[in-house]
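A structural walkthrough
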Amino acid sequence: MRTRARLRLAGAALLPLLAACGGDVRAAAPVVRDSAGVRIVESVRPAWGEGEGWRVSPEPLVDVGVAEGAPEYQFARVAGALRLDDGRIVVADGQANELRWFDAAGRHLKTAGRKGGGPGEFDDLHGLFRLPGDSVAAWEWSHRLSVFGPGGDFVRSRTLVPPRDGMFLDARGVFADGSVLVAPDGGRTFGRGAGVARDTVPLLRYAADGARVDTVGRFPGQQQFSMTGTENGGWASRGPVPFGFDTFHALRGSLLYVADNARYEVAVYDASGRLLRLLRAPHRTEPLTPGEVERFKADRLAASGSGDFGRQVAERMLAAMPFPETKSAFAELRVDPAGAVWLRGHAAGSDAPGRWTVFAEDGTLLGAVETPAGLRVLEIGGDYVLGVSKDELDVQHVRLHRLERDRGKP
């Protein structure tokens, strides 16, 4: 099993060839062609030359979060954050089941929600999405989407009905017309022993009133490793293959961006699932180092908790899990308001900055942008990057960093 898994992954962990394109080597125009109505844009090298490119400030302009103090400034599990058009910041705390509004300087303005199933309450707050006019939508694991107005007041909620019983829905975003994109997870059946599998996942679209609209398409899901055992009456466990394949989604207006990290390519669809264009760039494989393997194992064991049985299962999983020789192409997808596509490479460690490859809206490869070390990016705006990071006391902070775009536009 380990050999077969490595054969599938070898040659598929890709990174753009950015390092060799600096100096006096100038960018060549991307190759653009049409194929059956699909616009394909293939870049040869980055448009940015040496010393050019966008920059994210290392220090935050706004920092919200404290270890001790007023509860509205304490975060336990940030499920989402976004910056409104008027500068306010909204944060969804999944543990407190609250939405919190802050002004542009980070001062608390309003809190909505609490644990519960009533209107404006949350059972298990999991996501936060932007709506037109500074309204926001909060997503719960119970498949309920709740809308709050510009002032933070509860407006309405809708519960989405899965195609079949027992299927979980994970919302991926809201289109400009208010329809919701979700990815169902019916739970793959565990086979005997250990195994690697990658199922396809349908993307479903629901209207703003909660009615099912259509299936946008089927796409490869996350590559998973599963294992079963007979101890304690029997158990089954599964988790993502380390640095393995996955497909990422992002919404902008009426467009859906899909990026399968088995290759260095981003596909752009309309809301109905019609393929419009493909963005491609050069790439190279990046080896998975022994240090990265050990760090992954240590993090997984730490997350398994203090229970003896849970740790035993985690240890058995890690002992049998296949680690690829090379990494997949990238680890995250974001799309900013201007239509620029951001792909983050695999982190080199918690103390290393995030490294993103950026494409312009027309598909031209621009170059690389770094984000501060430890920052989990939640939103990229016109002139800011918003994310969450932890301080030396392991306290979560929501931080807004300046994004300078005037340093070398192509």
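Pairing is antiparallel in the open sheet, where four strands are placed in the order 26-27-28-29. Whereas interior strands pair on both sides, the edge strands pair on one side only; in this sheet they are strand 26 (332-335) and strand 29 (365-371). Strand after strand, the sheet turns through a mean of 25 degrees between neighbouring axes, direction not considered. In terms of strand pairing, strand 26 meets strand 27 (residues 341-344) through four bridges, oriented antiparallel. Bridging across to strand 27, Glu332 finds its partner in Arg344.

Along the chain, Asp93 turns up in strand 7 (residues 89-93). Despite its burial, Asp93 remains without a salt bridge, the nearest opposite charge being carried by Arg100 at 4.3 Å.

With that settled, consider the packing of aromatic side chains. One pass over the full model with this rule turns up 13 aromatic pairs. Taking the centre distance of 6.4 Å and the plane angle of 40 degrees together, the rings of Tyr264 and Phe359 count as tilted. Note that Tyr264 is positioned in the loop between strand 22 (255-260) and strand 23 (265-270) and Phe359 in strand 28 (residues 354-359), a separation of 95 residues in sequence. Each of the two residues, Tyr264 as well as Phe359, counts as buried. Just above the ring of Phe175 sits the side chain of Arg205; from NZ or CZ to the centre is 5.8 Å. A cation sits over an aromatic face here: Arg405 above Trp54, 4.6 Å from the ring centre.

Another point: the environment of Thr364. Relative to the assigned elements, Thr364 resides in the loop between strand 28 and strand 29. Assessed through its relative accessible area of 15%, Thr364 is described here as buried. In this structure the C-alpha to C-alpha distance between Thr364 and Arg45, which are 319 residues apart in sequence, comes to 9.1 Å. Look past the residues within four positions of Thr364 in its chain and what remains in contact with it is Pro30, Val41, Ser43, Ala47, Val358 and Phe359.

This next bit is on the packing of helix 2 (residues 290-303) against helix 3 (residues 308-320). Where helix 2 meets helix 3, the axes come as close as 9 Å, and the angle between the chain directions of the two elements is 160 degrees. Taken as axis vectors, helix 2 and helix 3 run roughly antiparallel relative to one another. Viewed along their axes, helix 2 and helix 3 form a crossing whose handedness is right-handed. Judged by residue contacts, Phe296, Lys297, Arg300 and Leu301 of helix 2 engage Arg311, Ala314, Glu315 and Leu318 from helix 3.

The rules we used
Residues numbered from 1 in each chain as written. Predicted model: local features only at pLDDT ≥ 70, side-chain atom pairs only at ≥ 80, totals over all residues. Heavy atoms only, no water. Pairing = 2+ DSSP bridges. Helix = DSSP H or I, 4+ residues; strand = E, 2+ residues; numbered from the N terminus. Axes fitted to C-alpha atoms, helices over the stretch in contact; angles between N-to-C directions. Buried < 20%, exposed > 50% of the residue type's maximum accessible area, 1.4 Å probe, protein only. Lys, Arg positive; Asp, Glu negative; His and termini not counted. Salt bridge = Lys/Arg side-chain N within 4 Å of Asp/Glu carboxyl O. Phe/Tyr/Trp six-rings, centres within 6.5 Å; stacked < 30°, edge-to-face > 60°. Lys NZ or Arg CZ within 6 Å of the ring centre and 35° of its normal. Contact = heavy atoms within 4.5 Å. Parallel < 35°, antiparallel > 145°, perpendicular 65-115°, else oblique. Left-handed = near helix turned anticlockwise from the far one by under 90°.

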